[in-house]
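Topology and contacts: notes
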Amino acid sequence: MITDHPRIVTARMGHEDSYTLARYLATGGYEGLRKALGMTPEQVHDEVNAASLLGRGGAGFPAGRKWSMMREAPTTYLVVNGDESEPATFKDHLLIERVPHQIIEGTIIAAYATGAAAAFIFCRGEFALGLERLTQACNDAYQHGALGGEIFGSGYSLDLVIHPGAGAYICGEETALLESLEGKRGFPRIKPPYFPAAIGLYGQPTAVNNVETIANLPWIVLNTGAAFSALGEGSSAGTRLFALSGHVERPGWYEVEMSKTTFRDLIYDKSLGAGVRGGRELKAFIPGGVSAPWFFPEHLDMGLDQDAVGKAGSMLGSGSVVVMDETACPVRAAWRITRFFQRESCGECTPCREGSGWVEKILRRIEDGFGREEDLELLLDACDNIAPGLSWPPKQTTICVLGSSIPSSIVSGITRFRDEFLLHVKEGGCPFSADEVRHA
Amino acid sequence: MAEQGLSAENLAKAESIIACYPERRSALIPLCHLAQAQHGYLTNESMEDIAELVGCSPAEVRGTASFYDMLHTEPVGRYVFAVCTNIACMLAGAYEVLSHAEQHLGIRVGQTTHDGLFTLEEAECLAGCDKAVCVQVNHRFFGPIDSEAFDQLAHDLADGGLAGTVPPHGVLSRVNRSVGMPAKAHAAKAGGGAGGAANGGAANSATALEEAADAAATQAAGGATAGQGSAIGSGS
């Protein structure tokens with residue numbers, strides 16, 4: 001059975017009250033932390049290295065290696081990135097609302113391993129219920145002795161702050177997140193330094209880890225890194241939480257074993273996506289958030305494997321898969337994704353700020369029936385100015401990767417569905433929908 | 001217009017929020033949420049109060065706040081609808097729902113009804129894609145929403161049927177931090193040894209422990225959250 005593997009981040013989801021301290025303790029909660037406190041920080045770090053845990057936020061950087069890059073300093077910080085905003089991604093949202101204590105336990109373990117002076121969980125502001133649950137869980141964790149001075153009677157002390165965001169996709173970028181946490185506009189910082197591990201929050205070395213990455217830590221400490229890396233295959237170790245949406249029968253979240261599970265399993269298996277909506281044909285799917293180039297039916301038998309997907313010209317990214325059936329208009333899909341980037345561009349870099357606006361306008365006029373044949377080349381040319389060469393992974397002309405993510409959907413759409421783009425031009429409108437796209 | 005600034009109660013709460021951070025400026029966004037909870041939006045006076053509290057100019061507060069979608073420097077309705085139209089919701093018919101919402105409320109996206117009850121916004125992905133079309137009201141999730149469900153939602157909000165679930169616009173978390181920063185105090189006492197916060201914020205830390213009483217009140221409010229059953233943190 002493809003679902004026959006341990007549940008690591010979703011083990012407690014069957015319980016209605018999975019977010020309470022009582023349920024968390026009744027299901028082995030804070031046992032990983034107790035065990036970790038009996039180890040040295042280096043031993044905990046070694047377990048995470050042995051787990052081959054890849055960051056679950058989008059870039060897929062090995063979590064243990066990230067910690068190894070921390071510069072020696074009297075004060076270092078741990079920041080947990082819960083600003084989940086990549087379109088169609090809703091796994092961290094689920095974890096924050098349903099298992100806040102698991103995130104807090106993982107945060108304390110990570111802070112212990114990295115020697116952080118304080119920890120912050122940056123929670124997306126739009127998650128009002130999530131913020132309430134995290135805040136309550138934080139209060140309860142202090143009462144329980146899992147946070148504060150002398151945690152569980154050990155010599156280790158840690159304070160944790162739950163920090164609310166205020167609505168900006170760019171703050172998922174780790175340096176923008178730190179700017180926001182410092183009370184400023186969410187402008188990504190100029191690189192180098194490439195990692196906050198060198199210069200992070202308040203200029204101090206800072207480890208920034210994604211919520212799901214952190215939520216795996218209690219299990220890894222309890223069951224060993226080797227047990228984690230025995231799941232999955234090769235560099236894609238462990239299980240991963242995927243968010244499935246769009247034209248499928250059963251949209252939702254599914255924790256599956258990496259690499260051994262294929263896109264076909266995820267979309268078609270009865271216990272997972274259960275097939276394309278209404279038995280229709282699969283047209284395309286986005287394998288890892290809207291920043292990722294699109295995949296097509298010929299990619300279905302590929303495993304959910306970071307390296308394999310990367311070699312095929314896309315990415316597992318944020319762990320979200322969007323399914324489009326035969327009724328989906330590729331122009332409209334590319335336009336809406338581009339409009340997102342245009343709205344969320346922070347405005348720091350010209351190629352992103354201006355480029356996103358121009359390609360959005362061109363796509364909109366094609367969708368509305370005012371396009372020209374040469375618009376297709378114009379779009380590709382503009383994309384080439386944002387990410388030269390249109391290669392994968394994309395080349396950057398901007399401070400962060402928001403800009404270089406803009407071409408993905410446009411290039412995918414034009415390359416695969418050129419005929420449908422041209423049909424919009426020829427017919428003077430969208431062959432899929434009578435509505436004009438919005439001029440807001 | 002002094003009453004348009006932060007209330008005495010919120011000024012005290014602001015100090016306990018600031019005490020959580022090594023640097024005061026980090027509290028800017030949490031304080032903006034606090035001010036919005038009081039007035040529904042950021043009044044000029046409350047931005048001036050925040051500037052004084054975190055040690056920057058009022059223009060810096062406005063300049064920072066204006067970057068973020070959730071922070072409003074103009075009045076909005078008591079209930080702000082955010083209809084997601086991003087890819088997953090669009091594939092489920094979000095633009096039809098949004099057009100319907102405009103007709104039903106008699107306003108365009110970005111506008112507020114004359115009675116000040118509703119504001120309509122077109123939102124980017126809200127991370128509720130398994131329940132597309134996803135709609136938030138004051139950042140409380142509803143979905144899947146079609147045109148009929150939207151009408152029902154607007155009706156229930158107008159007649160007060162959802163008052164326990166959806167607080168007025170600006171109220172984000174109804175649970176407050178009820179603990180201080182004992183680790184920081186501990187480290188300061190121990191002379192800032194291993195893991196000690198060396199950033200000079202330790203002096204603030206003593207103020208916060210007294211917040212427990214006010215947390216008890218908010219915990220009661222938490223019990224009514226979004227039909228999710230028992231009170232938040234019933235396990236403590």
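Just so it is clear, the structure is predicted and the values come from calculations on it, not from any experiment.

1. Digging into the overall build of chain A
For chain A, the count of helices and strands is 18 helices and ten strands. Its C-alpha radius of gyration of 22 Å places chain A within 12% of the 22 Å reference for a compact globule of 440 residues. Out of the 440 residues belonging to chain A, those deemed buried represent 64%. If you take every contact in chain A between residues at least 6 apart in sequence, the share linking residues at least 24 apart comes to 73%.

2. Side note on the domain arrangement of chain B
Domain assignment breaks chain B into domain 1 (2–65) and domain 2 (79–158). A C-alpha centroid distance of 29 Å is found between domain 1 of chain B and domain 2 of chain B.

3. Here's the deal with the sheet that holds strand E4 (residues 140–142) of chain B
Adjacent strands of a sheet form backbone hydrogen bonds with each other and so pair up, either parallel or antiparallel. All names here are of chain B. Reading across from one edge, E2-E1-E3-E4 is the order of the four strands in this open sheet, with mixed pairing throughout. For this open sheet the edge positions go to strand E2 (118–123) and E4, each flanked by a neighbour on one side alone. For this sheet the average axis-to-axis angle between neighbouring strands, irrespective of direction, equals 25 degrees. Taken together, the six bridges between strand E1 (residues 79–84) and E2 define a ladder with parallel strand orientation. Counted as the bridge partner of Ala82 is Glu121 from E2. Docked against the sheet, helix H6 (residues 94–105) engages E1 and E2, running at close to 155 degrees with respect to E1.

4. Overview of the domain arrangement of chain A
Residue and element names in this part refer to chain A. Domain annotation for chain A reports domain 1 (21–229), domain 2 (235–322) and domain 3 (330–427). A C-alpha centroid distance of 23 Å is found between domain 2 and domain 3. Counting residues at the interface gives eight residues for domain 2 and nine residues for domain 3. Residue classes in the side of domain 2 that touches domain 3 are distributed as six nonpolar, two polar and no charged.

5. Looking at the interface of chain A and chain B
The partner chain B presents 68 residues to the 74 residues of chain A that form the contact. Sorting the residues of the side of chain A that touches chain B by element identifies helix H1 (21–26), helix H7 (128–144), strand E3 (160–164), helix H8 (174–181), strand E7 (239–246), strand E8 (252–257), strand E10 (320–325) and helix H14 (330–344) of chain A as the ones contributing at least two each. The element best represented in the side of chain A that touches chain B is H7 of chain A, accounting for 13 residues. Residue classes in the side of chain A that touches chain B are distributed as 33 nonpolar, 23 polar and 18 charged.

6. What to know about the environment of Phe127 of chain A
All names here are of chain A. Along the chain, Phe127 falls in the loop between strand E2 (118–123) and H7. Through-space distance from the C-alpha of Phe127 to that of His93 is 7.2 Å; in sequence the pair is 34 residues apart. Among residues more than four places away in sequence, those in contact with Phe127 are His93 and Ile96.

7. Quick look at the packing of helix H16 (residues 375–386) of chain A against helix H18 (residues 407–427) of chain A
All names here are of chain A. It is the contact of H16 with H18, at a shortest axis distance of 10 Å, that shows an interaxial angle of 165 degrees. Relative to H18, the element H16 is oriented roughly antiparallel. As H16 packs across H18, the resulting crossing turns out to be left-handed. Together, Leu376, Leu379, Leu380, Cys383 and Ile386 of H16 and Pro407, Ile410, Val411, Ile414, Arg418 and Phe421 of H18 make up the contact between the two elements. Grouping the amino acids of the contact of H16 with H18 by side-chain chemistry returns ten nonpolar, no polar and one charged.

Definitions and cut-offs
- Residues numbered from 1 in each chain as written.
- Chains lettered and ligands numbered in written order.
- Predicted model: local features only at pLDDT ≥ 70, side-chain atom pairs only at ≥ 80, totals over all residues.
- Helix = DSSP H or I, 4+ residues; strand = E, 2+ residues; numbered from the N terminus.
- Rg over C-alpha atoms; globule rule 2.2 N^0.38 Å.
- Buried ≥ 20, exposed ≤ 12 C-beta atoms within 10 Å, placed from the backbone.
- Contact = placed C-beta atoms within 7 Å.
- Domains from an automatic or database assignment.
- Pairing = 2+ DSSP bridges.
- Axes fitted to C-alpha atoms, helices over the stretch in contact; angles between N-to-C directions.
- Nonpolar A, V, L, I, M, F, W, Y, C, P; charged D, E, K, R; others polar.
- Parallel < 35°, antiparallel > 145°, perpendicular 65-115°, else oblique.
- Left-handed = near helix turned anticlockwise from the far one by under 90°.

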